[in-house]
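Listed below are the residues making up each chain.
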Amino acid sequence: MKQRCAGHGILGTTHAEDVEKLVNRVVEQGLPAYLLREIDLVVFPKHAGGERYVAEAVEFLSATAYETLDRPGDPGRDHGTIEKDGTTVHWNRVARREHDGDFRHAFGLDGAGGESAGGAVSDRTRVFERLARTTDRPVEDVEREFRRKRRYVEHLVREERDDFEELFRFLADLRANEAATVERVQDRGTRDVAADGGDTTADSSD
């Protein structure tokens, strides 16, 4: 957290089962509750039945950002406030894994639903806006990158490419030359993954 407050982005871990326990833990360790707003995103993994998976992702917001947020869903389950040491902590769930394995998101994934009429960014989360400020980019570019990378993950799952070395070769190739990697995937006859933010399609071999 010291590095984050000094302007350096970091990835850190702590032990907490949910957002309320996280707030309690960090405050008990001496962190002022208001500094939680400096965290971009909190991801809660779970391990059940021999499977490790992301259970939910949560963002912390200022009171102003929270009040201007479109907040569908159940208070206390999808969004809410936590009182700790005289400070009100506002939080919003960005994504949650359901019992069937699908995810419910606070934003549209396919260009529809939950997205504002004037652009791609949903008014149900501020995570894209936060990342845009941090990286000094337009919000639309941040979300476009997220959607593109999500399609790559879907491609890997579809093709059952879970070998460690193969997976990291694919990611290294993407980083080195994204367009060439996508073209190579398409040439192999697997499902299309678009490098320019376009829609994914299935080829005639499916």
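Analysis parameters
Residues numbered from 1 in each chain as written. Predicted model: local features only at pLDDT ≥ 70, side-chain atom pairs only at ≥ 80, totals over all residues. Heavy atoms only, no water. Buried < 20%, exposed > 50% of the residue type's maximum accessible area, 1.4 Å probe, protein only. Helix = DSSP H or I, 4+ residues; strand = E, 2+ residues; numbered from the N terminus. Arc of directions from axis to C-beta. Core = buried A, V, L, I, M, F, W, Y, C linked by side-chain atoms within 4.5 Å. Contact = heavy atoms within 4.5 Å. Pairing = 2+ DSSP bridges.

### Section: helix H7 (residues 178–187)
Among all positions in H7, only Thr181, Val182 and Val185 are buried. Buried residues in H7, looked at end-on, bunch into an arc of 100 degrees, giving them a common side. The exposed set on the far side of H7, more than 90 degrees from its buried face, consists of Ala179 and Asp187.

### Notes on the nonpolar core
By size, the foremost hydrophobic cluster in this structure holds 16 residues, and its most contacted members are Val19, Val23, Leu36, Phe60 and Val89. Elements with a contribution of two residues or more to this core: helix H2 (19–28), strand E1 (42–48), strand E2 (51–61) and strand E4 (87–97). Residue contributions to this core peak at five residues, all from H2. Beyond its immediate sequence surroundings of up to four residues, Phe60 is in contact with Val19, Leu22, Val23, Leu36, Arg37, Val42, Val89, His90, Trp91 and Arg130. In terms of nonpolar packing, the next biggest core, distinct from the first, is built from seven residues, Ala57, Phe107, Val127 and Ala132 among them.

### What to know about the pairing of E4
Of the strand pairs in this sheet, E2 and E4 are connected by six bridges, and their pairing is antiparallel. Each residue of the ladder has a partner; that of Glu56, found in E4, is Arg96. Bridging between strand E3 (residues 79–84) and E4 involves six bridges; their strand directions are antiparallel. Across the sheet, the residue bridging to Ile82 is Val89, located in E4. If you look at the hairpin formed by E3 and E4, you'll find two residues sitting between the two strands, and Asp85 has a positive phi there, around 50 degrees. By the bridge criterion, three bridges tie E4 to strand E5 (residues 103–105) in an arrangement that is antiparallel. In the strand pairing of E5, Ala95 is matched with His105. Connecting E4 to the antiparallel partner E5 that follows it, the hairpin turn spans five residues, and Gly101 within it adopts a positive phi of roughly 95 degrees.

### Details of the environment of Phe107
Along the chain, Phe107 falls in the loop between E5 and helix H4 (127–135). With relative accessibility at 10%, the residue Phe107 sits in the buried group. For the pair Phe107 and Arg126, spaced 19 residues apart in sequence, the C-alpha to C-alpha distance is 9.9 Å.

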